[in-house]
Amino acid sequence: IRVSFMNNQKQQKPTLSGQRFKTRKRDEKERFDPTQFQDCIIQGLTETGTDLEAVAKFLDASGAKLDYRRYAETLFDILVAGGMLAPGGTLADDMMRTDVCVFAAQEDLETMQAFAQVFNKLIRRYKYLEKGFEDEVKKLLLFLKGFSESERNKLAMLTGVLLANGTLNASILNSLYNENLVKEGVSAAFAVKLFKSWINEKDINAVAASLRKVSMDNRLMELFPANKQSVEHFTKYFTEAGLKELSEYVRNQQTIGARKELQKELQEQMSRGDPFKDIILYVKEEMKKNNIPEPVALG
């Protein structure tokens, strides 16, 4: 009897373990429910209304009960667009939505500064959301064509404030170099609003330092298609948009780059023993082409 009992136990083990495994998988699927999470958040936002202090308190308290780690994308979709976003940036018709979000708010810098505080407090409280928020903003920038002009303006102002206060890293700007966004002029128009709000919070030196940190300081001309990537075009566009300090910064960057190139080429020409007549001609051409003043060239 004992042997028979042991044999039965051995035969049953795979079946039992298989059942237990299936149950776990089923439970896991039930637990991952962004729609249910969305409903909880939207219900809470309906109760807080547009009082952003109350919104921040609600989000702070809800983090203890709801799984922000797992549903970070859903959470940020709701706070920015009012509900879960489908690929391309549209809101699903059959989903719940809320007007307590960036896209439904007033289009002015003061309102966006207040919304930035909501994100700031939330990410300071739940530090693990930092990476998820960065990914969310990169995604939203790629979806820009799916948003209205007003929604893009609000997102640009908000992003500028968040870059200024360090909640976001300037590497998110990589998304603006998407070929389709650049080609249709969306990237440049978005950059105007973004840099205006960023410089308003800080200054051009702080902005330049942030761009340098992520090697983005020499890439700003890529906001335009290849046939318009010139200092003249960049300067004209951003100066007319009221961003003269950004235009001057890019012009200086180009001059510094051109000076380094000129210095390198001079060293090569002199080490080869090229005639001074040719070297002088080359230097004069480079000075004219890159607006390098004579005292700088002499140096």
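In short, a report on the structure. (Residues numbered from 1 in each chain as written. Predicted model: local features only at pLDDT ≥ 70, side-chain atom pairs only at ≥ 80, totals over all residues. Heavy atoms only, no water.)

## Some points on the overall build of the protein
Then, number 1: Each helix and strand counted, the protein has 14 helices and 0 strands in total.
Then, number 2: The linear arrangement of helices and strands in the protein, starting from the amino end, is α-α-α-α-α-α-α-α-α-α-α-α-α-α.
Then, number 3: Counting every position in the protein, which comprises 299 residues, the buried fraction comes to 40%.
Then, number 4: A separation threshold of at least 6 residues defines the contact pool for the protein, and within that pool the share at least 24 residues apart is 66%. (Helix = DSSP H or I, 4+ residues; strand = E, 2+ residues; numbered from the N terminus. Buried < 20%, exposed > 50% of the residue type's maximum accessible area, 1.4 Å probe, protein only. Contact = heavy atoms within 4.5 Å.)

## As for the nonpolar core
Then, number 1: In terms of nonpolar packing, the biggest core is built from 79 residues, with Leu 173, Phe 195 and Trp 198 touching the most fellow members.
Then, number 2: Here this core gets 9 residues from one element, more than from any other, and that element is helix α9 (residues 186-201).
Then, number 3: Setting aside residues no more than four positions away along its own chain, Trp 198 makes contact with Gly 160, Leu 163, Ala 164, Ala 170, Leu 173, Val 207, Ser 210 and Leu 211.
Then, number 4: Judged by nonpolar contacts, the second largest core, of 6 residues, contains Leu 262, Val 283, Met 287 and Ile 292. (Core = buried A, V, L, I, M, F, W, Y, C linked by side-chain atoms within 4.5 Å.)

## Describing unusual backbone geometry
Then, number 1: Within the chain, Ser 215 stands out as a residue other than glycine whose phi angle is a positive 55°.
Then, number 2: Among the secondary structure elements, Ser 215 is positioned in the loop between α10 (204-213) and α11 (231-240).
Then, number 3: A relative accessible area of 55% means that Ser 215 is categorised as exposed.

## Topic: α11
Then, number 1: Turning to α11, its buried residues are Val 231, Phe 234, Thr 235 and Phe 238. Buried positions in α11, seen along its axis, are confined to an arc of 95° and lie on one side of it. Seen from the buried face of α11, the exposed residues on the opposite side, beyond 90 degrees, are Lys 236 and Glu 240.
Then, number 2: Two residues or fewer past α11, Gly 242 is found with a positive phi of approximately 90°. (Arc of directions from axis to C-beta.)

## Quick notes on the pattern of salt bridges
Then, number 1: As enumerated under the stated definition, the model contains 12 salt bridges in all.
Then, number 2: Notably, a salt bridge pairs Lys 139 with Asp 77, separated by 2.9 Å at the nearest N-O pair. Placement of Lys 139 in helix α6 (residues 129-142) and of Asp 77 in helix α4 (residues 72-81) is noted, with a sequence separation of 62 residues between them. Here Lys 139 matches Asp 77 in class, with each residue buried. (Salt bridge = Lys/Arg side-chain N within 4 Å of Asp/Glu carboxyl O.)

## Side note on helix α2 (residues 34-48)
Then, number 1: Helix length check: α2 (15 residues) gives 21 Å between terminal C-alpha atoms against 21 Å at 1.5 Å per residue, within 8%.
Then, number 2: Taken residue by residue, α2 has Phe 37, Gln 38, Ile 41, Ile 42, Gly 44, Leu 45 and Thr 48 as its buried positions. Projected down its long axis, α2 carries its buried residues within an arc of 160°, all on one side. Away from its buried face by more than 90 degrees, α2 exposes Gln 43, Thr 46 and Glu 47.
Then, number 3: Close packing links the buried residues of α2 with α3 (52-62) and α4.
Then, number 4: One or two residues past the end of α2 sits Gly 49, with phi positive at roughly 70°. (Expected span 1.5 Å × (residues − 1).)

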